[in-house]
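So the chains spell out like this:
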Amino acid sequence: MQKNILEYLERTAARLPDKMAFSGGKESMTFGEVLSQARSIGTALAERGIYREPVVIFMDKHPKTVTAFWGVIYSGSFYVCLDEKMPRARIDAILQNLSPRAVISDKKNFETAKSFGLEHTMLYDDVAETETESALLDEIRGKQCDTDAIYVVFTSGSTGVPKGVIACHRSVIDYTESLCDALEFSEDTVFANQTPLYFDAPLKELMPTLKLGATTYFVPKMLFSFPVRLIEFLDNYKINTICWVVSALVQVSALGALASHTPKYLTTVAFGSEVFPKKQYDLWREALPDARFFNLYGPTEATGMSCYWRAEREIAEDEPIPIGRPFDNTEILLLTDENKRAEYGESGEICIRGTCVTMGYYNNPEKTDAAFTVNPLNKAYREIIYRTGDIGRINEYGELVFVCRKDNQIKHMGHRIELGEIESNAAKCDGVARACCVYNDDKKEIVLFFAGEADEKSVASFMATVVPRYMLPARIERLAALPQTDNGKINRMALKDRAKNS
Amino acid sequence: MQQLLDILSGLHPEVDFETTEDLIDDGILDSLDIVSIVSSVYSEFDVTIPPEEIIPENFNSAVALMELITRLDEE
């Protein structure tokens, strides 16, 4: 039985030592190099007595950065990836939550890493040359269980205090196996990674790469501003698989790049984390009629993604793209406000059950207990589920559909309204590229923000034709672009503040 | 030109757009800014920037961007 994610790396490096594993375009590393440097880093940490504790990785996105992840795991510790682009206040809040003793950094970020004031500030290029002590690493491995932590990933808590989700080997192995099966990845898969390494999202590329001997290219962030250059990058490296946030895909289609430039090798497009506006989704489908499209859904708290839907039928104009069904070895429970199983077609909170459920929030028992609860349907023993705070329902095809965030459901003039419904209708209007709807609790009004060429008046008259009167926004505001979070999702909190203050 | 500088300053009030020439290479403008600029150029200059022209060279400075707008406007 596989207990440790490093077994993926070890098996693949033995089989394909000289194959390129990770590349930034200019600089690449083979599986053999990744294995050998990771073992060196593991030795360096172990020799300093770092064991079963958080190790911060503070490096630019690079093959060495992910190698440092595996190095930390060799030492029996768990990694926490931070980024120079993060606001210092956020970094400090995270360091305060973790109290780490060690950080590994690259040359460029070394001075900043030193300013953290930790016991050990290590330079990657130094520790990666440490002579490997196999006996030491074997001893560590011998004591490990598959319930040991691998990483802590920080999500933006709505209160401003970041929450660190802590995941173990068993959950990540479970995710890797089901993801590779469902999306049919193989040794020939060539990924282009978009998501930052400090989230769990890049596990979609990193883990299948280790398991199958596939290849992952890290796309320079700057290219996401320049769609034609981005497509040239995909063609240049014969990328066949992308798993990107919706905003990154919309950036390409909304600027009109797909009309003249079609990625030549792309056969799999997975997207997620946000609602894909139907018009933009259609542009992608038309540009790549033979590619397989997957909608992925899942919270960090349940390890990467939990559900998937493969586009094998047409989506009606007014139909949200389903999130489909859970990955193997995962069950979704839809629970009503009374903690009962939702009836067929009825909405309920999406709750997740299975090995994918992570170990909670690091050093934060209160928040952990609030979201990781005992399954209310099981009175007999302690079975933990994760409550996502998302509302879902089963559609006529038996597929799971995301309805809205629980806190995105409002009561307005006596009506229960889902803001997401107003948004998806607004997105159908000509000249509306993205839309986001918020509720101003003070003034009790619905405010709709949109980006696109349409003017506010025409959107207002369009809305009157598609939603009932009580759902009509009191105010509609056109923005040059909708603000985004670090993750690339629409920043609802910022828009909510804007609605309040204008 | 002033109209364009106003658009850019609206995005990043702290940057002196008259003199800065590495807006992309220095990471001052991100993908969201590019979308904003393309959209504002359309609404204020009535010029559509085609995807082929959305390249770093055209966005690295206000001067380069103004040249692009002028060229597209004449075409």
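Residues numbered from 1 in each chain as written. Chains lettered and ligands numbered in written order. Predicted model: local features only at pLDDT ≥ 70, side-chain atom pairs only at ≥ 80, totals over all residues.

Asker: Outline the overall build of chain B, supporting the account with residue identities and numerical values.
Answerer: When you go through chain B residue by residue, the secondary structure sums to four helices and zero strands. Walking chain B from its N terminus toward its C terminus, one meets helices and strands in the order α-α-α-α. Whereas a compact globule of 75 residues would reach a radius of gyration of roughly 11 Å, chain B reaches 11 Å, a difference of no more than 12%. The C-alpha extent of chain B, read off along each of the three principal axes, is 30 × 25 × 20 Å. The buried share of chain B, reckoned over its 75 residues, is 29%. (Helix = DSSP H or I, 4+ residues; strand = E, 2+ residues; numbered from the N terminus. Rg over C-alpha atoms; globule rule 2.2 N^0.38 Å. Buried ≥ 20, exposed ≤ 12 C-beta atoms within 10 Å, placed from the backbone.)

Asker: Can you explain the packing of helix H8 (residues 169–183) of chain A against helix H9 (residues 203–212) of chain A? Please cite residues and give values.
Answerer: Residues and elements named next belong to chain A. Two numbers describe how H8 lies on H9: the axes approach to 10 Å, and their chain directions differ by 85 degrees. Taken as axis vectors, H8 and H9 run roughly perpendicular relative to one another. Across from Val172, Tyr175, Thr176, Leu179 and Cys180 in H8, the residues of H9 making contact are Leu203, Lys204, Met207, Pro208, Lys211 and Leu212. Residue composition of the contact of H8 with H9, by class: eight nonpolar, one polar and two charged. (Axes fitted to C-alpha atoms, helices over the stretch in contact; angles between N-to-C directions. Parallel < 35°, antiparallel > 145°, perpendicular 65-115°, else oblique. Contact = placed C-beta atoms within 7 Å. Nonpolar A, V, L, I, M, F, W, Y, C, P; charged D, E, K, R; others polar.)

Asker: An account of the interface of chain B and chain A is requested, with residue identities and associated values reported.
Answerer: Facing 17 residues of chain B, the contacting portion of chain A comprises 17 residues. Ranked by residues supplied to the side of chain B that touches chain A, first place goes to helix H2 (residues 31–45) of chain B with nine residues. Residue composition of the side of chain B that touches chain A, grouped by class: eleven nonpolar, four polar and two charged.

Asker: So what's going on with the domain arrangement of chain A? Which residues, and what values?
Answerer: Residue and element names in this part refer to chain A. Each assigned domain of chain A is listed with its residue range as follows: domain 1 (6–144), domain 2 (184–297) and domain 3 (413–501). Here domain 1 and domain 2 have C-alpha centroids that lie 27 Å from each other. On the domain 2 side, the residues contacting the 19 residues of domain 1 number 13 residues. Split by residue class, the side of domain 1 that touches domain 2 holds ten nonpolar, five polar and four charged. (Domains from an automatic or database assignment.)

Asker: Explain the pairing of strand E13 (residues 292–297) of chain A residue by residue, including any values.
Answerer: All names here are of chain A. As judged from the five bridges shared by strand E12 (residues 268–272) and E13, these two strands associate in the parallel manner. Counterpart to Gly272 in the pairing with E13 is Leu296. Handedness of the E12-helix H13 (residues 278–287)-E13 crossover: right-handed. The pairing of E13 with strand E14 (residues 307–310) spans four bridges and is classified as antiparallel. Its bridge partner being in E14, Leu296 is matched across the sheet by Tyr308. (Pairing = 2+ DSSP bridges. Right-handed = clockwise from strand over helix to strand, strands pointing away.)

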